[in-house]
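Next come the chains, spelled out residue by residue.
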Amino acid sequence: MAIGAAAATTARSASNATPILDTHIHLFDTNRPQGVPWPSRTDAVLYKPALPARYRAIAVQLGVRGAIAIECSPWFADNRWVLDLAEANPIIVGLIGDLEPADAQFGKQLDDLHRNPLFLGIRYGNLWGRSLAQSLQNTKFIEGLKRLSSAGLTLDTANPDPRLLGAVVRTTDAIPNLRVVLDHLPRLEKPTDANARNACQADLHELAARPNVFVKVSGVLRRINGRVPEQLSVYKSTLDELWDRFGADRLTYGSDWPNSDLWAPYAVELKVVREYFDGKGPVAAEKYFWKNSVAAYRWKPRDAGQRVV
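Rules used in this analysis
Residues numbered from 1 in each chain as written. Predicted model: local features only at pLDDT ≥ 70, side-chain atom pairs only at ≥ 80, totals over all residues. Heavy atoms only, no water. Buried < 20%, exposed > 50% of the residue type's maximum accessible area, 1.4 Å probe, protein only. Helix = DSSP H or I, 4+ residues; strand = E, 2+ residues; numbered from the N terminus. Pairing = 2+ DSSP bridges. Right-handed = clockwise from strand over helix to strand, strands pointing away. Expected span 1.5 Å × (residues − 1). Arc of directions from axis to C-beta. Contact = heavy atoms within 4.5 Å. Salt bridge = Lys/Arg side-chain N within 4 Å of Asp/Glu carboxyl O. Phe/Tyr/Trp six-rings, centres within 6.5 Å; stacked < 30°, edge-to-face > 60°. Lys NZ or Arg CZ within 6 Å of the ring centre and 35° of its normal.

Draft legend 1. Geometry of the pairing of strand β7 (residues 213-217). β7 sits mainly inside the fold: five of its five residues count as buried. The two faces of β7 match: Val213, Val215 and Val217 on one face and Phe214 and Lys216 on the other face are all buried. In this structure, strand β6 (residues 179-182) lies alongside β7, joined through three bridges in parallel fashion. Paired with valine 181 across the two strands is phenylalanine 214, which belongs to β7. Handedness of the β6-helix α8 (residues 194-208)-β7 crossover: right-handed. Where β7 and strand β8 (residues 251-253) come together, three bridges link them in parallel fashion. Within the sheet, the bridge partner assigned to lysine 216 lies in β8 and is threonine 252. Regarding topology, helix α9 (residues 232-246) serves as the crossover connection from β7 to the parallel β8, and that connection is right-handed.

The structure is reproduced here in structure tokens:
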């Protein structure tokens, strides 16, 4: 199916489908005087403003009623910058921001940001030169995550690899009540070495047994032999593995917009996951596209088109 046809098909079905809460978009403005830490100026696809109005124009016609902004900057001031954007744009129901839990200022920064109900948690993992596995060796880091958990906020991970999965097991050993969302799990490259692969599978099995660990089905599309297939059949085995392991109650929708434009327009990836989860029935589709995001992030509706029941 051509891209235009995919978008048209998705748009036609939107009015009859369950409303969608997108748990993973990035907001930035390349026109700011200070610039942005990401994306790079050399990125011809991504280096242009990604702001709520542009997102609304793409997503609302496809059935999206709300989105959670995920940090794409390690600058503390950008937490407030995105929160200000969100307050002015009700389609944004929350922010997963960027803080360093081991930092001496973490408690104060967390308390200050948490005064805004749109602040839903932080992201930490393979990003900005950080390593969750390495940071867990610091008791102050663990204390910071305990404070995050006590505040009822969520930890999003960044860019999965086997080491990060093992670190999430240890994190949830230490803080069982902490809600964790594993992002982009379809992009996980499993080890080719048999022992390492078995260890990775064991960590996934352990995480699947922990009810406070959710999985963001984002980053589904792949480039194969120079092209990005649009057929569900190409991705079905990956989605089946996540479904079989984590079940109907633990998977959430995330587009990774606008980073997803590196693979295909928004409507194309949405078409693939919509076909898959609609095939699981209306109850499962509603959980994936809507209800599970409430359990994972505790976001609150901001307009009549957003619901939490």
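Draft legend 2. Layout of helix α3 (residues 77-88). Taking 1.5 Å per residue as the helical rise, α3 with its 12 residues ought to reach 16 Å, and the 17 Å between its terminal C-alpha atoms agrees with that figure. Those residues of α3 not exposed but buried are Asp78, Asn79, Val82, Leu83, Leu85 and Ala86. Down the axis of α3, the buried side of the element spans an arc of 160°, and every buried residue falls inside it. For α3, the exposed residues set more than 90 degrees away from the buried face come down to Ala77, Asp84 and Ala88. Buried residues in α3 make contact with α2 (52-59), β2 (64-70), β3 (92-97), α4 (106-114) and β4 (119-125).

Draft legend 3. Fine view of the pattern of salt bridges. Under the defined criterion, the tally for this structure stands at 17 salt bridges. Put simply, aspartate 183 and arginine 123 hold a salt bridge, and the shortest N to O gap is 2.6 Å. Pair noted here: aspartate 183 is in the loop between β6 and α8 and arginine 123 is in strand β4, with a separation of 60 residues, a long-range link. Considered together, aspartate 183 and arginine 123 belong to a single accessibility category, that of buried residues. Between aspartate 240 and lysine 236 there is a salt bridge whose closest N-O contact spans 2.8 Å. Of the two residues, aspartate 240 and lysine 236 are both situated in helix α9; the distance of four residues between them amounts to about one turn of the helix. One connected set of salt bridges, linked through shared partners, spans Asp98, Glu100 and Arg130.

Draft legend 4. Spatial organisation of the packing of aromatic side chains. Going through the model one piece at a time under the given rule, you end up with 11 aromatic pairs. Plain terms: the ring middles of phenylalanine 28 and tryptophan 38 are 5.5 Å apart, the flat faces sit at 75° to each other, and that makes the pair edge-to-face. Here phenylalanine 28 is found in the loop between β1 (20-25) and α2, whereas its partner tryptophan 38 is found in the loop between β1 and α2, with 10 residues between them in sequence. Looking at phenylalanine 28, the relative accessible area reads 3%, which means it is buried. Its relative accessible area of 24% is what places tryptophan 38 among the partly exposed residues. Relative to phenylalanine 289, the ring of tyrosine 288 lies with its centre 4.7 Å away and its plane at 65°, an arrangement referred to as edge-to-face. By the burial criterion, tyrosine 288 is buried, and phenylalanine 289 matches it. Sitting over the ring of tryptophan 81, arginine 32 keeps its end group 4.5 Å from the ring centre. Seen from the ring of phenylalanine 289, arginine 274 lies directly overhead, with NZ or CZ sitting 5.9 Å from the centre.

The values are spatial; any link to function lies outside them.
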